[in-house]
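Read off the chains here:
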Amino acid sequence: MMPVLIILSFLIGSIPTGLLIAKTKGIDLRKVGSGNIGATNVLRAVGKEAALFTLIGDIAKGALPVAIGKLFGLGIFDAGILGISAILGHNFSLFLKFKGGKGVATSIGVLLAFSPHVALLTITLWLLTARWTRYSSLSALVAFGLLPLSIYMLDYSNEKMVIAIAITVLIFVRHTANIKRLIQGTESKIGEKIGDRLKGKAKNYD
């Protein structure tokens, strides 16, 4: 049963929510903005409403497999493995030739079903950092970088800590390019339109 559920979780995670929503507006997310299929690039390239639907869809992709695991009576570790599989599906989508997004919203979805109190703290850390810096990537790095500590403080078990560390590692691996841009000062901010970024680059050459 477990192998079947892992494959199903990967397939659920592989559904490219943002790409499908953007396509209804005639936009290929892979060719605009950061090229990422997540809600931040949808916001930048399409708009707030499309970004909201993308966010909800990507969160659901993470929560559903964990909920299914619990429904089948799996232990918390095995349910967490299904969540990890969904995140991997989002990051390396079967429908996008194993390319995909950063996994932030899908990871939040996993946490909401896996450890709700920790999920709320992670969301709060993301929102506070985003409000202060306006960098989506930095907000994710801070919120998920502190995830193992959040688990330790609010909902500790060895099994949950292993899953938390795995999620943190996946987030940092997928944000390698963002970390480089943050260091270089070239990372795009939340709500910054593609045209704004181009204008900003032009000003640097004035």
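One can find the structure itself at the top, above this paragraph.
Residues numbered from 1 in each chain as written. Predicted model: local features only at pLDDT ≥ 70, side-chain atom pairs only at ≥ 80, totals over all residues. Heavy atoms only, no water.

Participant: Please set out a nonpolar patch on the surface residue by residue, giving values where relevant.
Facilitator: Taken together, the side chains of Ile7, Leu11, Ile15, Leu20, Phe92, Leu94, Phe95 and Phe98 define a hydrophobic patch exposed on the protein surface, amounting to about 730 Å² of accessible area. The residue Phe92 is located in the loop between helix 5 (76-91) and helix 6 (104-114) in this model. Phe92 gets classed as partly exposed once you look at its relative accessible area, which sits at 31%. (Patch = residues over 30% accessible without salt bridge, like charges linked within 9 Å, V, L, I, M, F, W, Y side chains within 5 Å. Areas by Shrake-Rupley, 256 points an atom, 1.4 Å probe, with all protein chains shown as cover. Salt bridge = Lys/Arg side-chain N within 4 Å of Asp/Glu carboxyl O. Helix = DSSP H or I, 4+ residues; strand = E, 2+ residues; numbered from the N terminus. Buried < 20%, exposed > 50% of the residue type's maximum accessible area, 1.4 Å probe, protein only.)

Participant: Before we move on, can you summarise unusual backbone geometry with the specific residues and values?
Facilitator: Positive phi, normally seen in glycine, also occurs at Lys97, with a value near 55°. When you line up the elements, Lys97 lands in the loop between helix 5 and helix 6. Judged by relative accessible area, Lys97 falls into the exposed class, the value being 76%. We note that Arg134 has phi near 65°; this positive angle belongs to a residue other than glycine. With respect to the helices, strands and loops of the structure, Arg134 is situated in the loop between helix 7 (116-133) and helix 8 (136-145).

Participant: Describe the packing of aromatic side chains, listing the residues and the values that go with them.
Facilitator: Centre-to-centre distance and the angle between the planes together describe a pair of aromatic rings. A complete count under the given rule lists one aromatic pair for this structure. When the centroid spacing of 5.6 Å and the interplanar angle of 70° are considered together, the rings of Tyr152 and Tyr156 count as edge-to-face. Tyr152 sits in the exposed class, given a relative accessible area of 55%. According to the relative accessible area criterion, Tyr156 is partly exposed, its value standing at 44%. Across from the ring centre of Phe114, 5.9 Å away, lies the NZ or CZ of Lys160, which sits over that ring. In this structure, Arg174 packs its charged tip against the face of Phe92, placed 4.8 Å from the ring centre. (Phe/Tyr/Trp six-rings, centres within 6.5 Å; stacked < 30°, edge-to-face > 60°. Lys NZ or Arg CZ within 6 Å of the ring centre and 35° of its normal.)

Participant: Now, about the pattern of salt bridges: what can you tell me, with residues and values included?
Facilitator: A full pass over the atoms with the stated rule returns four salt bridges. A salt bridge links Lys160 to Asp155, with the shortest nitrogen-to-oxygen separation between them at 2.5 Å. The exposure class assigned to Lys160 is buried, which follows from its relative accessible area of 13%. For Asp155, a relative accessible area of 23% puts it in the partly exposed group. Where Glu187 meets Arg181, a salt bridge forms, and the shortest distance between an N and an O atom there is 2.7 Å.

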